[in-house]
Structures are given as structure tokens and as C-alpha cells.
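Here are the chains, one letter per residue:
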Amino acid sequence: MELALLLLGALLPAAALYLCCVRRYTGSASATLHRREPGRAAASRPPRDAWAPRLCGFWLRLFVHTANTAFGQILLLPLLLRLNNFTLMRSLDIHEDPTFIPEVAAEVTEDRSETKSTSDIIKQLIDTRPDSASHGFSFKGIRDYLDCYRSGKLTPSQVAKNIIAVLEDCDKSTPPLRAIVQWDQEQIMLMAEASTARYRNKCTLSCLDGIPVCLKEEFKVVPYYHRVGTVYLGTEPEKEDATVAKKLREAGAVIIGVSNMHELGTGTTGCNPNRYHKIPRNPYKPNHFTGGSSSGSAAAVAAGLCPVAIGTDGGGSVRIPSSFCGVVGLKGTFGRISGHGSLPLSYSTVSVGPICTSVADAAIVYSVLAEPDPLYPYGLKQPKATLSDMCAPDLKGLKLGVDWTFFKACDAEILTVCEKAVEHLQSLGASVVEVSLPEMEEVKIAHTICILSEMRDFLQPDFNKHFQEMNLETRASLALGSQFTALDYITANRQRTRSMRFLREIFATVNCILTPAIASTAPRIHESDLLTGSSNISFIMRSMRFMQLGNFTGIPGLVIPIGYSTAGLPIGFQVMAKWWDEAVLLRVGLKLEQFRRQTKKPTIHYDILA
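Each value, and the rule that gives it
- Residues numbered from 1 in each chain as written.
- Predicted model: local features only at pLDDT ≥ 70, side-chain atom pairs only at ≥ 80, totals over all residues.
- Heavy atoms only, no water.
- UniProt positions renumbered as here; feature names shortened; annotations may be inferred.
- Helix = DSSP H or I, 4+ residues; strand = E, 2+ residues; numbered from the N terminus.
- Pairing = 2+ DSSP bridges.
- Axes fitted to C-alpha atoms, helices over the stretch in contact; angles between N-to-C directions.
- Contact = heavy atoms within 4.5 Å.
- Buried < 20%, exposed > 50% of the residue type's maximum accessible area, 1.4 Å probe, protein only.
- Lys, Arg positive; Asp, Glu negative; His and termini not counted.
- Salt bridge = Lys/Arg side-chain N within 4 Å of Asp/Glu carboxyl O.
- Polar contact = N/O pair within 3.5 Å; in protein donor to acceptor, adjacent residues only side chain to side chain.
- Parallel < 35°, antiparallel > 145°, perpendicular 65-115°, else oblique.
- Left-handed = near helix turned anticlockwise from the far one by under 90°.
- Nonpolar A, V, L, I, M, F, W, Y, C, P; charged D, E, K, R; others polar.

Chemist: Lay out the UniProt feature "domain: Amidase" (unreviewed entry) in the protein chain in plain terms, naming residues and giving numbers.
Modeler: The residues that UniProt annotates with the feature "domain: Amidase" (unreviewed entry) are residues 165-586. Each end of residues 165-586 is marked by a C-alpha atom, and these two atoms are 34 Å apart; helix forms 37% of the span and strand 14%.

What follows is the structure, encoded as C-alpha cells:
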């Protein structure tokens, strides 16, 4: 250890020299940002790439040990903050009052009857087979399960037995999938048998009756352990469901278990090496990560274990794994779907949403879950969730905004596919309007400050009591979060006020904002990750690049798979809309699904209905 500290000491002068270069390079830019006139935005520019080496094994252990010493707190971590521009808020003078919770009042609109009710639209979504169905492989979705149940080809009980057999098999495979980390055969069969009886008696509860679903371990689900990706939480089985679990049960869904997640939601890879979880595998490339933190949820859907999963999204945690695993992920407006019964890791950035095999399925699940919850303080005044115009034959009348400078801040092969996807939307009648997303570097830093500060605050007792039981990456992230001050947090929330105002202005001229989903494809799993995990700040910030605006301001976002890299990894596309307007996201998403010419079958995939 003494030798390692000497090595670290030798590296610090070089890091300090690098810091000087960075400050010289960015000094003029910082100076122009120091004083802000109210309402005036900085010029649009892509966020800077973060700087930090990827750490694993011995070096990760050394960093975590050092970061949590006086030396680390006084010198090492402040240096890391400066190198990654995380001190940006300290150079800004923002006059706006802070917005601590991104709640937005529903717009008052004229009462007009919809051409179709939500139930009629859901029926149309279930009855209509997508145009892409004949182009190679097709994921099994809600409609496929309902066809089997209604025709008598299969019952929910038979499907449940198939799922149990698959759950036993997938974790015995090499490597194990590790998508579902807790399941109970008796519980699965009880729900399935009840659903089978309802189909037999023709008294089903909803279009989700008998549909297999899983929920991220962040939610309380009876009778499972509420571990939230850790080894120390959830020491007793849960006796009360989270609201989303309760609503799924009331709809007749069959909960097949709780899914894996990045420990405490502190990362975007899904890397969780502890004994209860292990690292879930990307069904398209098992030697690559799933993305996180709703890692097991996306893997379960892509691998065919269930057509529906539920996740939480504080920094892309639904949308990142959905994109990496080639499935659809919806982050609702902040407060739209109740978070009651999930661990409140970050109260101002987290939204709940479904991960599904198709946009139609995401719309169906959204329509079931989206409503005010008296037990959840946010979203109590939300407007009624609708699917208005979702099934319109084209996109005529829609204006789609693109900030091309921001849009192009991704890998070349991702950009090529995403640019063609924009052209596809234009061909369907949408107008593409160039917009400017101002102060995105500030959004990046402010979101980072808010989510890490809130997580550090909530987890402070755990950090003190269970430090040695936490993964190394979690310890590193929380140590970094301890560096932010109350002034940093308040200034970050002042920035939130500005960013929300900018978005109101943008959404006065366009219906949606388009971006790539992720700037790169899923990264490779290294052998050392299986033992100690890893920490890669640079990758975390890059993977959240297009995600943070939605979390920071509370607007909804939808990611849709649109193609594959030359290595065969999925590429996703993101659509964002104004608060409470999920319907327009789903309308655009439904058309984007037609863009992908062929759906490739994942390397790991189970056909539960076979």
C-alpha cells in the first residue's frame, strides 16, 4: 500500500500540470460565463467530455481507499472535480430563483372530445400487426401473449411453467444472464393460475392479464427482498407492494420476480459484482454490459423472459439499458408514474417508466400506470394520461426540433443511422426545425450535482454504517458527491430554473426534440469487472449526454431501437417532448419503429410461447 501511495504521489504533479492546461484552455470560456444576465442563454455547444481513467482491480481499490482519506478529500477529489469541470457552477452568477423539484403545472386546454378513447386506441394497438413483423426476427409482445390466451393455444399457467424453466436455465448458462435476481415459483404459479381462471371464465381484468412482467429491485415487491442492488438492504421479505407493483397485480399481470440493477443506481453500466447480483449480460453480446441502472429489466425484456419490465430513471437508467439492449424505454414526465415504494435515492431527478419490446406495449403499460397517487407527492395535479393521435397515419403537422451541434456529439456510425432516422420522420410529413439547446454543459454539471448530492444525503447513514459492504464504485461515487457544497446545490437548482424556461420557449415552437439515445454502444465487460467492478467517470458522463436534460427538467423521453453497429450492438434514438405530452412521443416512436429494416435476434433469447 505504501508503494502504491508513492506511485499516486508521483502521478499527482502530472495531473496538476494537466489541470493547468485544461484551465488555460477553458479559461476564456469560463470568463464569459461568470456573469449572467437574466434570461440570456450562453451559446449552444456540446458538453465537454469528462476526463478520468477507467479504474478496476488494484487501482480502483487504491483510489477508493485514498478518496476516503483526508488526503483524498482535501486534494485528490477536488482535483478530479476541476479536471472534469464539475466546479463550473462556482464560476457562474445566476440570478434566477432555484427550482428544487421540476414539477410543472398542466396546461389549461379547451375541452374537446378525442376522436378515439384511450381504450379504443389500445384495442387498435393490440389488433394491428406492425409492418416490420415480416422482416426477420420479431420480439414477442403483449399482443402475442393475448393471442395465445384468447385462442386457447396456451394458458397463463402454461406460460408460467415455461418461464420458471427458463429462469432455472438462464442462470446455469455460461455466462449466466443474471437478469432476474429474485423469483419464487409458488408466487408465479399462484398469479398465473388466477389469470388462467379469469380467461376460462371470460372475466379478465385488463389487457395486461396474464402478461409476465418484472420490476427493478429498487421497488418493493411482496414477498421479495428490497435490496436495491446491495448486500445489506432488504434483510426481511417485503410485506407491502410499491404502487406500481400493486397496480400491475390489479391489472392481472404475472410478476415473475425482481430484476438486477446497478448497486443503488450509482452507475450506467449495470456492473454489480456483489454476491447477490453479479453482472447481467447484454443479450445481443453477452461479453458487453447491459447499461444501467435498470440493467436486469432491459436484459429480461431483450432475452424474452417477459415482454414488460419496470425501471426508474434518474440519469438515463431506463433509457440507457433499453438502448444498449435494443428495446423500447419510456421515461415519463417527472411525477407521471408513482414512485411510492421505491427507494428515494434522488427525489428531484427520478422518474418511473416501462421497458418493452415495442412502442405499442410501452403505450399500453403507460396507460395502466400513469395517474396521480395519493401516496406520492409529485404529479398529483397531472392531466389525464391519453394516447391521442398515437395511431395517426402520418406525422403531418408535427414540428421536430434538432440542435445539430448537440445531435452530432456521438460516435460516427451512430450519427449516420440517427441522421437517416430523422430523414425517415420527415418523409412521413413531419417538419424538422433547427433549434438551440442552450447551456448544455451547465445542464450536465448541474444534473450531476443534484443527483449525487441527493444520493449522498439519503445514503449518508449507509455510507457510515455499511461502507465496507458497498461496491467499490459506489464508494467512489458517494465520495465524489461529498465534495459538492450547499452553494453548488443551490446554484445547480438556479440553473434548473433557466433550463426549464428555455425548454418552455423551445416547446412553443416544436412538438418534440430529437437526439441519439446514447453517444456510443454498449461497452465490453472486462474480467476484472466480474471481481471488483470498475469505475469510469468518462463513460458515465458520455452515456448520460443525451439523457440528463430530461432528468434535470422533468420532461418525458422515449428511446427506440433503430439499427445496429458494425459489431452487432443496438443503436437507439431518443424523442423528448414537453411535460405531460407522452402521447406525442409514442406517436413519433410508433413511426420510428418502421425505420429499422430488420430486427436482429439477440444471442441470448428464449421464446416463452414456443
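Now that the structure has been shown, we can carry on.
Chemist: Give me the lowdown on the sheet that holds strand β5 (residues 308-313), citing residues and values where you can.
Modeler: In space, the 11 strands of this open sheet follow the order β2-β4-β3-β5-β7-β6-β12-β13-β10-β8-β9, with mixed pairing throughout. Only two strands of the sheet have a single neighbouring strand rather than two, namely β2 (180-182) and β9 (431-434). Strand-to-strand twist of the sheet, defined as the mean angle between neighbouring strand axes without regard to direction, takes the value 35 degrees. As defined by bridge partners, strand β6 (residues 328-331) adjoins strand β12 (residues 557-564) across three bridges and the pair is classed as antiparallel. Bridge pairing in β12 places K331 opposite G557. Strand contacts of helix α16 (residues 486-507): β10 (512-516) and β13 (570-577), with the helix running at about 110 degrees to β10, the strand carrying the most contacts.

Chemist: So what about the environment of G257? Which residues, and what values?
Modeler: Here G257 shows up in strand β4 (residues 254-259). G257 gets classed as buried once you look at its relative accessible area, which sits at 0%. Residues G257 and V181 lie 76 residues apart in sequence; the distance between their C-alpha atoms is 7.5 Å. Setting aside anything within four residues of it in sequence, one finds G257 in contact with I180, Q182, W183, V213, C214, L215 and Y224.

Chemist: Tell me about the side chain of D373, residues and numbers included.
Modeler: You can see D373 is positioned in the loop between α11 (359-369) and β8 (399-402). At 7.6 Å, K246 is the nearest oppositely charged side chain to D373, a buried residue that forms no salt bridge. A distance of 2.7 Å separates polar atoms of two side chains, one belonging to D373 and the other to T243. When residues no more than four places from it in sequence are discounted, the contact partners of D373 are T243, S338, H340 and L380.

Chemist: Just give me the short version of the packing of helix α14 (residues 440-465) against α16, but keep the residues and values in it.
Modeler: Contact pair α14 / α16: the axes reach a minimum separation of 9 Å and the direction vectors enclose 130 degrees. By the angle class used here, α14 and α16 are oblique. You can see that α14 and α16 cross each other, and the crossing is left-handed. Along its contact with α14, which presents E442, V443, A446, I449, C450, S453 and E454, the element α16 presents D488, Y489, A492, N493, Q495, R496 and S499. When its residues are assigned to classes, the contact of α14 with α16 shows six nonpolar, four polar and four charged.

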